[in-house]
Amino acid sequence: MTGAVGANCRFPALLLAGFFFAPPANAFTPSDIYAVVSVVTGQGVENRAKGFVDCLDKVLPRVSGSSRLSEGAEMQTARKHAADYIESFSYHDRLAGRPIHDEQGTHDRPHDLTCHFRKDSIDDLLGRLGVRPWLDKRPVLGVLLKVRRGQASYQVAAGNSRDLAMREAFAAASDLTGIDVVFPSGEYTGLRSVEGAVPLSGELDWSDSEGGWIATWELDVQQSANKLREARWQVRGVSFDDAFRNALKGTAQILSGNGKPVGALTHAEK
């Protein structure tokens, strides 16, 4: 249905002055960032309205790269009129192909609600919130992640079944920013990363005292032809899903020119 509405690991930078090594050609198109998905129950009007608000909350940081948008009156008003920012929407039944239970109607089934937003309307709203759309071609991140829990220590690699849940969680988090991620094919060293991708290095340490993971991220940012600035940030006591969302939101915050990420560390804190 479719509708329309009115850091133990150190890595050399792979950044060039002013831009990055070219990522895959299909990694980004500007229009992609104006479409987002919310999971709703059924296709009823009430749940649709909630989905519209959720999609609006997702599309603004996705388009701007900023995860520190104002929560003031302007944003509250925008949420009340979320439908006005949407050009079209569609549903996908997440249980498609499975029979409906006797006690279950179609209104009870989970659906993906995809909202395509009006570019001009979203750009205008971002301007009123004090930020600009980030329309540069997004990089592909080569995620160089070391995990430690108890006596176990390993590096997340593509194709390793042990790491599947973490790779899938990172892929889900990448949708929040429009930044694609790839992983090295095997064990890597400080002299090797993923070819053609910007390296994001991370350390994920389990902490019983924190009740979750401590994630530390590191990204080298080009400031001039021969000068790099190291950006580091951290989040503590979280699930790895939240840790990976923090990684990509922080990366977007930096690369979009919107300042420091949440949990930024100083060089002395390394």
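Structure's up top.
Rules and cut-offs
Residues numbered from 1 in each chain as written. Predicted model: local features only at pLDDT ≥ 70, side-chain atom pairs only at ≥ 80, totals over all residues. Heavy atoms only, no water. Helix = DSSP H or I, 4+ residues; strand = E, 2+ residues; numbered from the N terminus. Buried < 20%, exposed > 50% of the residue type's maximum accessible area, 1.4 Å probe, protein only. Salt bridge = Lys/Arg side-chain N within 4 Å of Asp/Glu carboxyl O. Core = buried A, V, L, I, M, F, W, Y, C linked by side-chain atoms within 4.5 Å. Expected span 1.5 Å × (residues − 1). Arc of directions from axis to C-beta. Contact = heavy atoms within 4.5 Å. Disulfide = S-S within 2.5 Å. Polar contact = N/O pair within 3.5 Å; in protein donor to acceptor, adjacent residues only side chain to side chain.

(A) Broad picture of the overall build of the protein chain. From N to C terminus, the protein chain includes five helices and 13 strands. Counting only residues that meet the buried cut, the protein chain has 45% of its 270 residues in that class.

(B) How the structure looks around the environment of Val 131. Looking at the secondary structure, you find Val 131 in the loop between α3 (119–128) and β7 (140–149). In this structure the C-alpha to C-alpha distance between Val 131 and Leu 60, which are 71 residues apart in sequence, comes to 9.8 Å.

(C) Main features of the pattern of salt bridges. According to the stated counting rule, one finds 15 salt bridges in the structure shown. Measuring nitrogen to oxygen at the nearest pair gives 3.3 Å for the salt bridge that ties Asp 54 to Lys 58. Separated by four residues within a single helix, Asp 54 and Lys 58 lie in helix α1 (residues 45–64), roughly one turn from each other. Glu 203 serves as the salt-bridge partner of Arg 148, at 3.0 Å between the closest nitrogen and oxygen. Of the two residues, Arg 148 sits in strand β7 while Glu 203 sits in strand β10 (residues 198–207), which places them 55 residues apart along the sequence. Of the two residues, Arg 148 and Glu 203, both sit in the buried class. When salt bridges that share partners are traced, they join Asp 57, Glu 71 and Arg 79 into one network.

(D) Expanded view of the nonpolar core. Counting residues in hydrophobic clusters, the biggest one holds 32 residues, and the most contacted among them are Leu 145, Phe 170, Leu 204, Trp 217, Leu 219, Ala 243 and Phe 244. Elements supplying a minimum of two residues to this core: β7, α4 (164–174), β10, β11 (212–224), β12 (227–238) and α5 (240–255). Of all the elements, α5 adds the most residues to this core, at seven residues. Cys 55, Leu 69, Leu 126 and Leu 129 belong to the second-largest nonpolar core, a separate cluster that totals 26 residues.

(E) Up close: α1. Here α1 spans 29 Å end to end across 20 residues, near enough to the 28 Å set by a 1.5 Å rise per residue. What α1 keeps buried is the set Arg 48, Gly 51, Phe 52, Cys 55, Leu 56, Val 59, Leu 60, Arg 62, Val 63 and Ser 64. Of the residues flanking the end of α1, it is Gly 65, one or two places downstream, whose phi is positive at about 85°.

(F) Examining α3 more closely. All of the buried residues along α3 are Ile 122, Asp 123, Leu 125 and Leu 126. On an axial view of α3, the arc spanned by its buried residues comes to 160°, and they lie on one face. Tucked into the core, α3 has its buried residues touching α1, α2 (73–80) and β6 (110–117). In the segment just after α3, Gly 130 is the residue with positive phi, at about 90°.

(G) View of the state of the cysteines. Counted by the stated rule, this structure contains zero disulfides. This cysteine, Cys 55, is not joined by any disulfide, and Cys 115 carries the nearest cysteine sulfur, 3.6 Å off. On the basis of relative accessibility, which here comes to 0%, the residue Cys 115 falls in the buried class.

(H) Highlighting the side chain of Gln 253. One can find Gln 253 in helix α5. Residue class for Gln 253 comes out buried when judged on its relative accessible area of 1%. Of the polar contacts made by the side chain of Gln 253, one reaches the backbone oxygen of Asn 258; its length is 2.8 Å. Beyond its immediate sequence surroundings of up to four residues, Gln 253 is in contact with Gly 65, Ser 66, Ser 67, Arg 68, Asn 258, Gly 259, Lys 260 and Pro 261.

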